[in-house]
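# Survey of secondary and tertiary structure
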Amino acid sequence: MKSKIVLTTFLGLLVLVLIFLNMRAILRPTKYQEVYQERCELNENRLTAITLLQELYHERNHYYASSIDTLIDFYENGELISINSKDNPPKDSVNDEKFMERFMNMTMKQREESGYVIFDTTRTTVKARMESELAEKNAKKEGNLITMKDFYNIPYTNQKYKIETSAADSITTKFAIYVPIETLMVNFEQSLPKSKISKLIYGGMEDVYNPAIKEKNMKDTREIRNFTGLQLGDTIVNSLEITPYGASK
């Protein structure tokens, strides 16, 4: 009788262990994918904000900012100036067909020299322009909205994005930002549940992105083999698109 109780208890514990291992085998790959997608979206949102800011910087200065600190200062303190022109022929000449024919054949420079053009200068802060740009982007967006909060930091780190620039020719510049997979998924444990049961299920998952010990712990490597880093722009092809790059090893 006693041996039967012992056997039953043993089998019950074995079943529980198997259930736990089965749950672990199912939940860990799902959690990797969930965290990866979350990290990608967070980075893509910030890189989109940087793209818009770089375009405004280029509009103002005719080249791209070479450092994130330059962009931060531009966002906080910069302004954009737009100059609009409007034709202004003399009011008493509007019905003068000969004058209007001559006026229509004038170049812009000739109209300016004759005082037949009015210029209107408008100043807008970069912050106000970015608010407008993001409102337009977010109106078409699903998921988390793009904001300017900490736009310069890689999520889950205190590390700023590094901008790489190169000259396309003697006049234009290109820029790129690279977020390797290890940087994308750094401090992985911060994205995991904190309960004791969760730690049993998800414990050690961060090891595959820990450069100090990842080579010693390869059990989850297969789950992340298709994950890639992100790239904004490209100093070779001068693209401002956000694309995946570099397969994980």
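Quick look at the structure, then. (Residues numbered from 1 in each chain as written. Predicted model: local features only at pLDDT ≥ 70, side-chain atom pairs only at ≥ 80, totals over all residues. Heavy atoms only, no water.)

Take the overall build of the chain next. The secondary structure content of the chain amounts to seven helices and six strands. In sequence order, the chain lays out its α and β elements as α-α-β-α-α-β-α-β-β-α-α-β-β. Residues counted as buried form 35% of the 249 residues belonging to the chain. Partitioning the intrachain contacts of the chain with sequence separation of at least 6 by distance along the chain shows that 65% fall at a separation of at least 24. Carbon together with sulfur atoms contributes 54% to the accessible area of the chain, which is approximately 15900 Å² in total. (Helix = DSSP H or I, 4+ residues; strand = E, 2+ residues; numbered from the N terminus. Buried < 20%, exposed > 50% of the residue type's maximum accessible area, 1.4 Å probe, protein only. Contact = heavy atoms within 4.5 Å. Areas by Shrake-Rupley, 256 points an atom, 1.4 Å probe, with all protein chains shown as cover.)

This part is about the nonpolar core. Among the nonpolar cores identified, the biggest contains 45 residues, and I50, L53, M130, M185 and Y209 are the most heavily contacted of them. Mapped onto this core, the elements with two or more residues apiece are α1 (2–61), α2 (68–77), α5 (126–139), β4 (173–179), α6 (181–184), α7 (196–202) and β5 (228–233). Residue contacts for I50: discarding those within four places in its chain leaves I68, L71, F151, Y161, I177 and L232. Core analysis: the next-biggest nonpolar cluster, separate from the first, contains five residues, F99, M100, F103 and M106 among them. (Core = buried A, V, L, I, M, F, W, Y, C linked by side-chain atoms within 4.5 Å.)

On to α2. Listed as buried for α2 are I68, L71, I72, F74 and Y75. On an axial view of α2, the arc spanned by its buried residues comes to 165°, and they lie on one face. (Arc of directions from axis to C-beta.)

On the surface, a cluster of negative charge is contributed by D92, D96, E97 and E101. Along the chain, the position of E97 falls in helix α3 (residues 97–104). We classify E97 as exposed; its relative accessible area is 70%. (Patch = residues over 30% accessible without salt bridge, like charges linked within 9 Å, V, L, I, M, F, W, Y side chains within 5 Å. Salt bridge = Lys/Arg side-chain N within 4 Å of Asp/Glu carboxyl O. Lys, Arg positive; Asp, Glu negative; His and termini not counted. Charge placed at Lys NZ, Arg CZ, Asp CG, Glu CD.)

A word on the side chain of Q231. Within the fold, Q231 resides in strand β5. A relative accessible area of 11% means that Q231 is categorised as buried. Looking at Q231, its side chain comes within polar contact range of the side chain of D234, at 3.1 Å. What Q231 contacts, discounting residues up to four positions off in sequence, is I177, Y178, E241, I242, T243 and Y245. (Polar contact = N/O pair within 3.5 Å; in protein donor to acceptor, adjacent residues only side chain to side chain.)

All told, the structure shown has eight salt bridges when counted by the stated rule. Close ionic contact of K31 with E34 constitutes a salt bridge, the shortest N to O distance being 2.9 Å. Here K31 pairs with E34, and both are found in helix α1, just three residues apart, close to one helical turn. On the basis of relative accessible area, K31 is assigned to the buried category, the value being 9%. Note on E34: relative accessible area 44%, which makes it partly exposed. Between R123 and E79 there is a salt bridge; the shortest N-O distance is 2.5 Å. Placement of the pair is R123 in strand β2 (residues 117–125) and E79 in strand β1 (residues 79–87), with a sequence separation of 44 residues. Judged by its relative accessible area of 54%, R123 falls in the exposed class. Assessed through its relative accessible area of 31%, E79 is described here as partly exposed.

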